[in-house]
Amino acid sequence: MKKFFMMLALAGVSVAGMAQTETPELKYSVATNSFWSNWFVSADVAYGAFYSNEEQGKDYGYSPFKDFRRNLGASVAIGKWFTPGIGLRTKATGIWGKNVQGTNADDNAIKFYNIQEQVLFNLSNMLCGYNENRVWNFIPYVGVGFLRNCSDNINGHGASAGLLNNFRLSKHVALNVDLGFNLLDDDVFPGVGDGSYGTSIAKSDRYFTGEVGLTFNLGKSNWSKVPDVDALKALSQSQIDALNAQLADEQAENARLKNLLANQKPVPAETKTVTVKEVVAAPVSVFFNLAQSKIASKKDLQNVKELANVAKEKGAKLVVTGYADSKTGSANLNQKLSQKRAEAVANELVKMGVSRDNIEVVAAGGVNDLSPISYNRRATVAIK
């Protein structure tokens, strides 16, 4: 048994090391999903190795592959992820087991089921950041529950712990490799024992499982990104000052025109002249999350729509300029990203009724014009 525990410990350390040396991935916050999202069901074939309290003091050997202590079974589970790192599942394991009171496999055979409520911890998401396309998720778990020995009509309580390895096959299907340990009341498998109860793991009924099967994700199985807080605030103070200055100029011009009209003497209609003031609109910014060409917040498009309406009324052309922050990614990648961002905004302008012929797209590449650096992840729209 000591060798078996050592093997499990070494396997756990090795897997944990692999998790820590995994290639770093982009971390970001996610939005809370509805109650009906992120549910899953699973079904596994289970290999069980059983150890009874009644075999204490008997030299049966501890190998989990002994015929008198091993058996095949099955498990089914239903659960939900409440965050990318924390979930719950209700799991039922059983059908066939072994009450190890001797070395005759047929005499030891029993039928049972074990229902556990387990808390799942997705360490891959908790340590490396959420990634919906990650191939391998490393998920330890612990739980408590109820076991019934159907052959001997005995009920008992138990605790469980284990490691679920989840390998992504598609958006809704994953392969399970589940290694588990269940610790039970010492009288669940009846017989002539030493009378001790709960004094040590070795003096309690218990079994190990190795399971392989499939998990099926139901409905919405991923988590949506929360827009970058910087992106939502990313209108620089210089832009605000420029808009305020322009507004003050417009107000002063309006006051001057009102004063001229109030003091202007009537003139014959044929000699009247009308002065039309050209409308000049400040550039409008639309912001993006790191390394993304999808608009972070649709609220940014409200100002773009106002500018689009002015351009349509005046028959003016619009210039859309895309940017990326120069501190992230290579110059070549930033050039392509700024182009995609400008195209994304141009497509929104077309949806607003602006002719594609009246939209000029410019890719400015990576820049460091604004501070903080996230303000440079944007595209601007201006009247030409």
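The model shown is predicted, which means the values in this text are computed figures rather than measured ones.

Observations concerning the environment of glycine 156
- By the secondary structure assignment, glycine 156 is in strand E8 (residues 154-168).
- Relative accessible area serves as the criterion here: at 2%, glycine 156 is assigned to the buried category.
- In this structure the C-alpha to C-alpha distance between glycine 156 and asparagine 114, which are 42 residues apart in sequence, comes to 9.3 Å.
- The residues touching glycine 156, leaving out its near neighbours within four places in the chain, are Gly145, Phe146, Leu147, Asp185 and Val188.

Notes on a nonpolar patch on the surface
- A cluster of nonpolar side chains, namely Leu169, Leu175, Val212, Leu214, Phe216 and Leu218, defines an oily patch on the protein surface of about 480 Å² accessible area.
- Ranked by residue count, the leading element in the nonpolar patch is strand E10 (residues 206-218), at four residues.
- For leucine 218, the location among the structural elements is in strand E10.
- Judged by relative accessible area, which is 37%, leucine 218 ranks as partly exposed.

A closer look at the environment of phenylalanine 208
- Within the secondary structure, phenylalanine 208 sits in strand E10.
- The class of phenylalanine 208 is buried, set by a relative accessible area of 6%.
- Distance in space between the C-alpha atoms of phenylalanine 208 and arginine 70 is 9.5 Å, their sequence separation being 138 residues.

Observations regarding the packing of aromatic side chains
- What the rule picks out here adds up to 12 aromatic pairs.
- Relative to phenylalanine 208, the ring of phenylalanine 181 lies with its centre 4.9 Å away and its plane at 40 degrees, an arrangement referred to as tilted. On the criterion of sequence distance, the pair formed by phenylalanine 181 in strand E9 (residues 173-184) and phenylalanine 208 in strand E10 is long-range, its members being 27 residues apart.
- In this structure an aromatic cluster arises from ring pairing among Phe35, Trp36 and Trp39.
- Sitting above the plane of the tyrosine 141 ring, arginine 89 keeps its charged end 4.6 Å from the centroid.
- Across from the ring centre of tyrosine 323, 5.0 Å away, lies the NZ or CZ of arginine 378, which sits over that ring.

Re the confidence of the model for the protein
- With 79% of its residues at a pLDDT of 70 or more, the protein has an overall mean of 82.
- Confidence over residues 1-26 falls short of pLDDT 50; this stretch has 21 contacts with residues more than four positions distant or in other chains.
- Here residues 192-199 is a poorly scored stretch, pLDDT under 50, and it has 13 contacts once near neighbours within four places are set aside; other chains count.

With respect to helix H6 (residues 300-314)
- Its 15 residues give H6 an end-to-end C-alpha distance of 22 Å, which sits within 8% of 21 Å, the value for a rise of 1.5 Å per residue.
- Buried within H6 we find Asp300, Leu301, Val304, Leu307, Ala308 and Ala311. Projected down its long axis, H6 carries its buried residues within an arc of 115 degrees, all on one side. Exposed residues pointing more than 90 degrees away from the buried face of H6 are listed as Gln302, Glu306 and Glu313.
- Against the buried residues of H6 lie strand E11 (284-287), strand E12 (318-325), helix H7 (331-351) and strand E14 (378-383).
- Count one or two residues on from H6 and you reach glycine 315, which has phi positive near 65 degrees.

Remarks on the sheet that holds strand E3 (residues 86-94)
- If you trace the eight strands once around the closed barrel, you get E1-E2-E3-E6-E7-E8-E9-E10, paired in antiparallel fashion. Strand-to-strand twist in this sheet, taken as the mean axis angle between neighbours without regard to direction, amounts to 25 degrees.
- Relative to strand E2 (residues 70-81), strand E1 (residues 39-51) runs antiparallel, the two being bridged by 11 bridges. Across the sheet, residue tryptophan 39 finds its bridge partner in E2, namely lysine 80.

Concerning the pairing of E3
- Of the strand pairs in this sheet, E2 and E3 are connected by eight bridges, and their pairing is antiparallel. The partner of isoleucine 78 across the bridge, within E3, is threonine 90.
- Where E2 folds back on E3, the antiparallel hairpin that results is connected by four residues.

A few points about the nonpolar core
- Ranked by internal contacts, the top residues of the largest apolar core, which has 21 residues, are Val304, Leu349 and Val381.
- Going through the elements one at a time, E11, H6, E12, H7 and E14 are the ones with two or more residues in this core.
- The contacts of valine 304, once residues within four sequence positions are left out, are Val284, Val286, Leu349, Met352 and Val381.
- If you look at the next biggest cluster of nonpolar residues, it comprises 11 residues, including Phe50, Phe68, Val100 and Tyr207.

Some details on unusual backbone geometry
- With an omega of 5 degrees, the peptide bond between serine 371 and proline 372 qualifies as cis.
- For proline 372, the location among the structural elements is in the loop between strand E13 (359-367) and E14.
- With phi around 65 degrees, asparagine 38 is a residue other than glycine that occupies positive phi space.

Focus on the sheet that holds E13
- One open sheet holds the four strands; their spatial order is E11-E14-E12-E13, and the pairing between them is mixed. Two strands lie at the open edges of the sheet, namely E11 and E13, each paired on one side alone. For this sheet, the mean inter-axis angle between neighbouring strands, taken without regard to orientation, is 20 degrees.
- H6 rests against E11, E12 and E14 of the sheet, and its axis sits at about 145 degrees to E11.
- Together, E11, E12, E13 and E14 form the strand contacts of H7, whose direction differs from that of E13 by roughly 150 degrees.

Scoring rules and cut-offs
Residues numbered from 1 in each chain as written. Predicted model: local features only at pLDDT ≥ 70, side-chain atom pairs only at ≥ 80, totals over all residues. Heavy atoms only, no water. Helix = DSSP H or I, 4+ residues; strand = E, 2+ residues; numbered from the N terminus. Buried < 20%, exposed > 50% of the residue type's maximum accessible area, 1.4 Å probe, protein only. Contact = heavy atoms within 4.5 Å. Patch = residues over 30% accessible without salt bridge, like charges linked within 9 Å, V, L, I, M, F, W, Y side chains within 5 Å. Areas by Shrake-Rupley, 256 points an atom, 1.4 Å probe, with all protein chains shown as cover. Salt bridge = Lys/Arg side-chain N within 4 Å of Asp/Glu carboxyl O. Phe/Tyr/Trp six-rings, centres within 6.5 Å; stacked < 30°, edge-to-face > 60°. Lys NZ or Arg CZ within 6 Å of the ring centre and 35° of its normal. pLDDT = per-residue confidence, 0-100. Expected span 1.5 Å × (residues − 1). Arc of directions from axis to C-beta. Pairing = 2+ DSSP bridges. Axes fitted to C-alpha atoms, helices over the stretch in contact; angles between N-to-C directions. Core = buried A, V, L, I, M, F, W, Y, C linked by side-chain atoms within 4.5 Å.

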